[in-house]
Amino acid sequence: MGPYDFFLPPAFDALPEAVAEGLLIGCLARNQAARLGLEALRSKGPQAAATARLGLDLTLLAFDLDPLNAELAKAILTMTAGQNGLLSAAARAALGVAANAPWAAPWRQALDDAARTGDWAGFLTRYDASWPTDGAPLASRVLGLAAVASGDPNRLAAWRKCLASATTPGLHWLAVQADMRLGGREAGMAALRDYLDHWPWNAGALLVLHDLARGLDTARTPLPGELAIFLYTFNKADDLGRTLEGVLASALDRYRIFVLDNGSTDATPEVLAAFGDRIGTERFFTVCAPVNVGAPAGRNWLKHLPEAQRADFVAYLDDDLTLPPDWALRLGAAVAAYPEAGVYGCRISDAGSPAVLQAAELHLAPGAPGQPFAATDLHLQGPDLGQFTFCRPCLSVTGCCHLFSRQALDAGGDFDIRFAPSQFDDFDRDLRAALAGRFAVCQGHLAVGHARKSGADTRRSRVAGANAHGNMLKLQGKYDAGEIKRLRREQRIRLLTDIRKKAIWLSRRDTARGSETPKDGGL
């Protein structure tokens, strides 16, 4: 089997359905990898031995991404006891330390704290000062995870130089990230191809390699038409000012800005007046509501402004974003790659902590028929380790920064005001659009910083948490079992079709290497 053949017939079609679905969604997240590993290990039938090997690999991936998880380490050691050759000596030694070291739990908490806060510099300082001497077998995993998440090139170079070998899939992924960040595109592509020679089931690795090989990671394409930029805001004058400064510093051609002030009582009116004077009334429009009407009504209000009707594209931006100057060009590249999509989104990270992800591509999480459904949360299962740096279809993208063609926005209907004041109105709209045949696209090559942490806010605030819980119940009540079944089926078809096209393109490219480059046939 070649490095790109795993997702093609017959190998992929022989997998258990739950394993196949999970691999298509992605496995570079610790809980997802552990769940998929267990599913594969439980499988029966003629391919049971090969699927069990896959299950062990996925379980080892989960351990590499959570290297101080004592319970997982014990389970892997028990599962492989007496079976020579399944684990390398280095992997078995690392598992043994994680399973038995009394200091594993507090160090695991320190890793989790760094992933939550983004303070990898603090974690590395602690590591340098007090990493246990008997923790040497685990050091490559813990230090590699921290080095990649920190993005510190000196740390990456030192770690990569000391890494003797990478015989497990997660440790190998960290090595790929180091090679890519230190050596550039060609080094990254060579490392990814070697990775897929060993672990061809990792969809994320194939998708990243495809985009590198086609130059989609650096593609910037102007939107073909006028852009309307919509913001709605309430009592965040300073954040709003910074966001608008980011818009003005962006690479934009034909655009206009529309801001709805949701009854602010702070300095927001003064901020808007100042920007109006700078930009001019022909390009900057403001509307003042007497009260805060909430996110879905605010989005609808902006959508229906007569002055905005002529725009070819509409971008909704939160009022507390850190925008890279090329954000619209990056979204334009996604439009060029997938012109039929209903909405385009991106990775969202904590402002100032790029390794802390708030959102990325969203899919329907695997679940039993008839049970309440939810979106995947792979982006919350650890730091950003390059696992979403590709562009592909998905079920939904976050409303912090998303782009619509005007035609798709109108066809999809209004945002449902029953989800006021916020939470899940954007997800609901994406579900309705998908049922009508328009799936979302996540442009993983664009990362936008977001000051507000909605999920964290709901955990801190009892009222906000109750609102989010109530809105989730509303969401689950809107869609019947038949609609969810349709969405799952269409999600699988779109993800599988997309990755198969990319696998075939990569295979032809490798075959043509040294002669002529194959023609781009579209995605």
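Everything below is about the structure shown above.
## A closer look at the packing of aromatic side chains
And step 1. Per the stated rule, a full pass over the model turns up 17 aromatic pairs.
And step 2. With centroids separated by 5.3 Å and ring planes inclined at 70 degrees, the aromatic side chains of Phe230 and Tyr316 adopt a geometry described as edge-to-face. Of this pair, Phe230 sits in strand S1 (residues 227-233) while Tyr316 sits in strand S4 (residues 313-317), placing them 86 residues apart in sequence.
And step 3. The class for Tyr316 is buried, based on a relative accessible area of 1%.
And step 4. A centroid spacing of 5.7 Å and a plane angle of 80 degrees characterise the contact between Tyr316 and Phe415, whose relative ring orientation is edge-to-face. Highlighted residues: Tyr316 in strand S4 and Phe415 in the loop between helix H17 (406-411) and helix H18 (425-435), separated in sequence by 99 residues. By the burial criterion, Tyr316 is buried, and Phe415 matches it.
And step 5. Three or more aromatic residues joined by ring pairs make a cluster, and in this case those are Trp103, Trp107, Trp120, Phe123, Tyr127 and Trp131.
And step 6. Directly above the ring of Tyr255 sits Arg283, whose terminal nitrogen or CZ lies 4.4 Å from the centroid.
And step 7. Note that Arg299 overlies the ring of Phe415, its terminal NZ or CZ placed 5.2 Å from the centroid.

## Some thoughts on the side chain of Asn202
And step 1. Position of Asn202 among the secondary structure elements: in the loop between helix H11 (185-198) and helix H12 (203-214).
And step 2. In this structure the side chain of Asn202 is engaged in a polar contact, spanning 3.1 Å, whose partner is the backbone nitrogen of Gly204.
And step 3. Residues contacting Asn202, with those up to four places away along its chain left out, are Phe7, Cys27, Leu28, Tyr195 and Leu196.

## Focus: the pairing of strand S6 (residues 343-350)
And step 1. Most of S6 sits out of view: eight of its eight residues are buried.
And step 2. Relative to strand S10 (residues 440-450), S6 is paired through eight bridges, and the arrangement is parallel. Looking at the pairing, Asp350 lines up with His450 of S10.
And step 3. Pairing geometry for S6 and strand S7 (residues 353-359), over three bridges, is antiparallel. Paired with Ile348 across the two strands is Ala359, which belongs to S7.

## Some words on H11
And step 1. Over its 14 residues, H11 extends 20 Å from the first C-alpha to the last, a length consistent with the 20 Å expected when each residue adds 1.5 Å.
And step 2. Along H11, the residues that are buried comprise Gly188, Met189, Ala191, Leu192, Tyr195 and Leu196. All buried residues of H11 project into a common sector of 165 degrees when viewed along the axis, lining one side.
And step 3. Tucked inside the fold, the buried residues of H11 contact helix H10 (169-183), H12 and helix H21 (481-512).

## Here's the deal with unusual backbone geometry
The phi torsion of most residues other than glycine is negative, and most of the peptide bonds are trans.
And step 1. Backbone torsion omega between Pro9 and Pro10 reads 5 degrees, so that peptide bond is classified as cis.
And step 2. Inspection of the secondary structure puts Pro10 in the segment before helix H1 (17-25).
And step 3. Cis rather than trans, the peptide bond between Ala420 and Pro421 has omega equal to 0 degrees.
And step 4. By the secondary structure assignment, Pro421 is in the loop between H17 and H18.
And step 5. One non-glycine residue with positive phi stands out, namely Phe424, at about 80 degrees.
And step 6. Checked against the element boundaries, Phe424 lands in the loop between H17 and H18.

## Some points on the pattern of salt bridges
And step 1. What the rule picks out here adds up to 34 salt bridges.
And step 2. Linked by salt bridges that have partners in common, Asp416, Arg418, Asp428, Arg432 and Lys478 make up one network.

## Points about empty space enclosed by the protein
And step 1. Enumeration according to the criterion identifies four cavities of 30 Å³ or more in this entry.
And step 2. In this structure, the largest cavity encloses a volume near 90 Å³.
And step 3. Ile25, Gly26, Cys27, Gly204 and Gln387 are, among the 14 residues lining the largest cavity, the residues nearest its centre.
And step 4. The biggest single contributor to the lining of the largest cavity is H12, with three residues.
And step 5. In the lining of the largest cavity, the residues fall into eight nonpolar, four polar and two charged.
And step 6. Taken as a whole, the second largest cavity holds about 60 Å³ of empty space.
And step 7. Leu28, Ala29, Arg30, Leu65, Leu145, Leu378, Gln381, Gly382, Pro383, Leu385 and Gln387 are the residues that line the second largest cavity.
And step 8. Looking at the lining of the second largest cavity residue by residue, the classes come out as seven nonpolar, three polar and one charged.

## With respect to the state of the cysteines
And step 1. The tally for this structure, following the rule as stated, stands at zero disulfides.
And step 2. The structure places no disulfide on Cys391, whose sulfur is separated from the nearest cysteine sulfur, that of Cys442, by 7.6 Å.
And step 3. The exposure class assigned to Cys391 is buried, which follows from its relative accessible area of 6%.
And step 4. The closest cysteine sulfur to the non-disulfide-bonded Cys442 is located on Cys394, 5.4 Å from its own sulfur.

## Things to note about helix H20 (residues 462-478)
And step 1. When the terminal C-alpha atoms of H20 are compared, their 25 Å separation across 17 residues agrees well with the 24 Å that a helix rising 1.5 Å per residue should span.
And step 2. For H20, the set of buried residues is Ala468, Asn471, Met472 and Leu475. Seen along its axis, H20 keeps its buried residues to an arc of 105 degrees; they face one direction. Turned more than 90 degrees away from the buried face of H20, the exposed residues are Arg462, Val463, His469 and Gly477.

## Describing the environment of Arg452
And step 1. Position of Arg452 among the secondary structure elements: in the loop between S10 and helix H19 (454-460).
And step 2. Put simply, Arg452 and Leu362 are 90 residues apart on the chain and 19 Å apart in space, counted from C-alpha to C-alpha.

## What to know about the layout of surface pockets
And step 1. Empty space within the second largest pocket amounts to approximately 690 Å³.
And step 2. As for the second largest pocket, its lining consists of 30 residues, of which Arg181, Arg347, Pro354, Asp384 and Thr389 are closest to the centre.
And step 3. Only helix H7 (120-130), helix H8 (136-150), H10, H12, S6, S7 and S10 provide two or more residues apiece to the lining of the second largest pocket.
And step 4. With five residues, the top contributor of residues to the lining of the second largest pocket is S10.

The rules we used
Residues numbered from 1 in each chain as written. Predicted model: local features only at pLDDT ≥ 70, side-chain atom pairs only at ≥ 80, totals over all residues. Heavy atoms only, no water. Phe/Tyr/Trp six-rings, centres within 6.5 Å; stacked < 30°, edge-to-face > 60°. Helix = DSSP H or I, 4+ residues; strand = E, 2+ residues; numbered from the N terminus. Buried < 20%, exposed > 50% of the residue type's maximum accessible area, 1.4 Å probe, protein only. Lys NZ or Arg CZ within 6 Å of the ring centre and 35° of its normal. Polar contact = N/O pair within 3.5 Å; in protein donor to acceptor, adjacent residues only side chain to side chain. Contact = heavy atoms within 4.5 Å. Pairing = 2+ DSSP bridges. Expected span 1.5 Å × (residues − 1). Arc of directions from axis to C-beta. Salt bridge = Lys/Arg side-chain N within 4 Å of Asp/Glu carboxyl O. 1 Å grid on protein atoms, 1.4 Å probe; cavity = no way out; pocket = protein on both sides within 12 Å on 5 of 7 lines; lining within 4 Å. Points joined across faces, edges and corners; volume = space filled by probe spheres on them. Nonpolar A, V, L, I, M, F, W, Y, C, P; charged D, E, K, R; others polar. Disulfide = S-S within 2.5 Å.

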